[in-house]
Amino acid sequence: MILKIFTHPEPVLNKKTDPISVQKIKELEFQKFIDDMTETMYVEDGVGLAAPQLGQSLKICVISKEYSLNHKDLILINPIWEKLSRFQAWDSEGCLSVPGIFGKVKRYRRIKIEALDRRGEKISFEADSFFARIIQHECDHLDGILFIEKAKNLEEVSKKL
Ligand code: NI
C-alpha cells in the first residue's frame, strides 16, 4: 500500500523519533508498515525514506537497493552511526518531504552503522560516498532534522519537465 508523504512544515518531521522494541518489530502490522514504506519509497522515486515522512514518529528508515548493501532493500531500525573519515564533503541533496528544493549538504564520506534489521537482529556495516550520505540524511530525519536546516545554496527546481 502506498502511504502519504508528509511535507515540510508538518511538525512530525521536526520531532525526534522513539526507538522501536524487538517485540514491536515482530508484529505483523509493523512488518506490513515496513513493506508499505519500501513500496512508497520506490513509487515516489526516493533513494531513502524515514518513518516521520509518513507521519510516524518511529526510529526506522529504508534505503533503496540501488545504493545499498548487496543491492538489496536496506531496513534500518534504531540506527546509530559514527564517522570513520575525518573530513566531510559537500554534495547536492533533495528530499521527498521538501519537494522541488535542492541544496548542498556537508556529510562524512565514510561511516560505520549499527542497527536492527526487520527481524530484530543486530547488523553492523560500513558505508561510503553516496550510500553513507543517504544514511546520514535518513538518520537526520529520525532526529527530526531536515536537510534544509543544514544546507547551503538552496534552490528551487521547476517541477515542469
Ligand atoms: Ni529526506
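Quick notes on the rules
Residues numbered from 1 in each chain as written. Predicted model: local features only at pLDDT ≥ 70, side-chain atom pairs only at ≥ 80, totals over all residues. Heavy atoms only, no water. Salt bridge = Lys/Arg side-chain N within 4 Å of Asp/Glu carboxyl O. Helix = DSSP H or I, 4+ residues; strand = E, 2+ residues; numbered from the N terminus. Buried < 20%, exposed > 50% of the residue type's maximum accessible area, 1.4 Å probe, protein only. Expected span 1.5 Å × (residues − 1). Contact = heavy atoms within 4.5 Å. 1 Å grid on protein atoms, 1.4 Å probe; cavity = no way out; pocket = protein on both sides within 12 Å on 5 of 7 lines; lining within 4 Å. Points joined across faces, edges and corners; volume = space filled by probe spheres on them.

Caption draft 1: Fine view of the pattern of salt bridges. Using the criterion set out here, one finds 11 salt bridges in the structure. A salt bridge links Asp35 to Arg118; the shortest N-O distance between them is 3.0 Å. Placement of the pair is Asp35 in helix H2 (residues 28-43) and Arg118 in the loop between strand S6 (110-116) and strand S7 (122-128), with a sequence separation of 83 residues. The partly exposed category is assigned to Asp35, whose relative accessible area is 39%.

Caption draft 2: Molecular detail of unusual backbone geometry. Here the residue pair His8 and Pro9 is connected by a cis peptide bond, since its omega of 10° sits within 30 degrees of zero. Mapped onto the fold, Pro9 is located in the segment before helix H1 (22-25). A positive phi angle, near 50°, is found at Asn70, a position not held by glycine. Relative to the helices and strands, Asn70 is located in the loop between strand S2 (60-63) and strand S3 (74-83).

Caption draft 3: Main features of H2. Between its first and last C-alpha atoms H2 spans 23 Å; for 16 residues at 1.5 Å apiece the expected length is 22 Å, and the two agree. Buried residues in H2 make contact with H1, strand S1 (48-50), S2 and S3. Just downstream of H2, Asp45 is the residue with a positive phi angle, here 65°.

Caption draft 4: Quick look at the layout of surface pockets. In this structure, the largest pocket encloses a volume near 560 Å³. In this structure, the largest pocket is lined by 24 residues; those nearest its centre are Asp45, Gly46, Val47, Gly94 and Cys95. Elements with a contribution of two residues or more to the lining of the largest pocket: strand S4 (88-93) and helix H3 (129-142). In terms of residue count, H3 provides more of the lining of the largest pocket than any other element does, 6 residues in total.

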